[in-house]
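# Understanding the architecture of this molecule
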Amino acid sequence: MLSLRQREQRQAWVLLAPMLLVMLLLTAWPLLRTIWLSFTDAALIGSGEAPAWVGVENYLFAITDPDFQTSLWRTLYFTVVSVAFEGVIGVLVALLLNQKFAGRNILRVLVILPWALPTIVNAMMWRLNFNPDYGSINALLTQLGIIDGYRSWLGSPDSALNAVMFADIWKNYPLVTLLVLAALQSIPDDLFEAARLDGASAWRRFRAITFPAIVGPLSVALVLRTIDAFKIFDIIYVMTRGGPVDSTKTLSFYVYQESFSYLRAGSGAAYAMLMTLLCAVLITLYMLLLWRQRRKGSVYEG
């Protein structure tokens, strides 16, 4: 005779079975297929013969390939710099929007707009802004006297990656702002009043009251943005196509070119699996962060 709890558990598994089956078909099978391809010399366009088994040859070539290593370091640079700026700007804007002033609600809506834009639209908009002939960035900087002539920001290896990062930061810092602002609004005003009465400076109030309240959601936001920035592809595809001279070629774009431009499905799958492993490390850090927040008695959803 099954207990009530056992019957409830069985019923839960029955209800979850269709969803688990769909997840298995949509996730597990493609993943297993990619793992198998990564150990072969498969090509997207072949002679009809079965792919030959090459073992770990694709992986060994990837980790020793200078182009792959350069793409990895370029991706890490993009991730660290973008996320750092998004964190700082997001916190500063959240602190501003937490103040009481006329038009605050309108400003909050305007801040959310960049994040609400589809990435493709955002990328195309900034591609036009950075246009060397009629872009608004050149016009603004020239009129301010910062530069003495129009420049090809996306056409120069020295500035292309930074220009793409600027577009990515502009789109994604509102995510940090929203999470931090939600945490700021949960702080009782009485705490700040008591701190003012005790003579605490603005910096001490921030360090003792504000920062402990926002550190949880801020950490989650930064980890989520780190994972997202590490696998950046769409904004680069629209703005630069990985150029000029591969100066914006990140890991995701490297995998794309290997698989769909050079039609080497086997090695492309191996590169994709290496990138998946790196993303898994970031996801593990994210889960550990959530676990630490639960240990403290607060659960923040990313």
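Residues numbered from 1 in each chain as written. Predicted model: local features only at pLDDT ≥ 70, side-chain atom pairs only at ≥ 80, totals over all residues. Heavy atoms only, no water.

Which entries qualify depends on this criterion: UniProt positions are given in the numbering used here, feature names are shortened, and annotations may be inferred rather than shown by experiment.
As named in an unreviewed UniProt entry, the protein chain is Sugar ABC transporter permease, taken from Candidatus Pantoea communis. The record in UniProt for the protein chain states the following under Sequence similarities (unreviewed entry): "Belongs to the binding-protein-dependent transport system permease family."

## What about the packing of helix α3 (residues 66-97) against helix α9 (residues 202-230)?
Here is the rule: Interaxial angle, 0 to 180 degrees, is taken between N-to-C directions of lines fitted to C-alpha atoms, where a helix line uses only the stretch in contact. Helix and strand assignments follow DSSP, with helices taken as H or I runs no shorter than four residues and strands as E runs no shorter than two, numbered in order from the N terminus. In this scheme, a crossing is called left-handed if the near helix is turned counterclockwise away from the far one by less than a right angle; it is called right-handed if the turn is clockwise. Any two residues having at least one pair of non-hydrogen atoms within 4.5 Å are treated as being in contact. Polar here means any residue other than Ala, Val, Leu, Ile, Met, Phe, Trp, Tyr, Cys and Pro, which are nonpolar, and Asp, Glu, Lys and Arg, which are charged; Gly is therefore polar.
Close contact between α3 and α9 brings their axes to 10 Å; oriented N to C, the two are set at 145 degrees. Seen along the crossing, α3 lies across α9 with a hand that is right-handed. Two secondary-structure elements touch here, α3 through L72, T75, L76, F78, T79, V83, E86, G87, V91 and L95 and α9 through F206, T210, I214, L218, L222, R225, T226, A229 and F230. Class assignment of the residues belonging to the contact of α3 with α9 gives a composition of 12 nonpolar, 5 polar and 2 charged.

## Thoughts on the UniProt feature "transmembrane region" (unreviewed entry) in the protein chain
Summarizing the sequence annotation, UniProt attributes the feature "transmembrane region" (unreviewed entry) to residues 12-32, 76-97, 109-128, 169-187, 208-227 and 269-291 in the numbering used throughout. The span residues 76-97 shows a helical share of 100% and a strand share of 0%, and its end C-alpha atoms are spaced 31 Å apart. For residues 208-227, the helix share is 100%, the strand share is 0%, and the end-to-end C-alpha distance is 30 Å.

## Some words on the packing of aromatic side chains
The test is simple: Classification of ring pairs rests on two measures: the distance between centres of Phe, Tyr or Trp rings, Trp counted by its six-membered ring, which must be within 6.5 Å, and the angle between planes, read as stacked under 30 degrees, edge-to-face over 60 and tilted in between. Burial classification: accessible surface area is computed with a 1.4 Å probe over protein chains only, and a residue below 20% of its type maximum counts as buried, one above 50% as exposed, and the rest as partly exposed.
Inspection of the entire model under this criterion finds 18 aromatic pairs. Ring plane angle 50 degrees and centroid distance 6.2 Å describe the contact between F206 and F211, whose orientation is recorded as tilted. Take F211: its relative accessible area is 38%, and that puts it in the partly exposed class. On the numbers, 5.9 Å between centres and 40 degrees between planes, the contact of Y256 with F260 is tilted. One end of the pair, Y256, and the other, F260, are both in helix α11 (residues 251-261), 4 residues apart, so they sit about a helical turn from each other. Y256 gets classed as partly exposed once you look at its relative accessible area, which sits at 25%.

## A closer look at the UniProt feature "domain: ABC transmembrane type-1" (unreviewed entry) in the protein chain
According to UniProt, the feature "domain: ABC transmembrane type-1" (unreviewed entry) maps to residues 72-286 in the numbering used here. Structurally, residues 72-286 comprises 74% helix and 0% strand, and the distance from its first C-alpha atom to its last is 21 Å.

## Considerations on unusual backbone geometry
The phi torsion of most residues other than glycine is negative, and most of the peptide bonds are trans. For the bond running from G243 to P244, omega is -5 degrees, close enough to zero to count as cis. By secondary structure assignment, the location of P244 is in the loop between α10 (234-239) and α11. Backbone geometry places V245, a non-glycine residue, at a positive phi of 50 degrees. As for its placement among the helices and strands, V245 is situated in the loop between α10 and α11. Residue class for V245 comes out exposed when judged on its relative accessible area of 74%. One non-glycine residue, D246, adopts positive backbone phi at about 60 degrees. Of note, D246 is situated in the loop between α10 and α11. Owing to a relative accessible area of 39%, D246 belongs among the partly exposed residues under this scheme.

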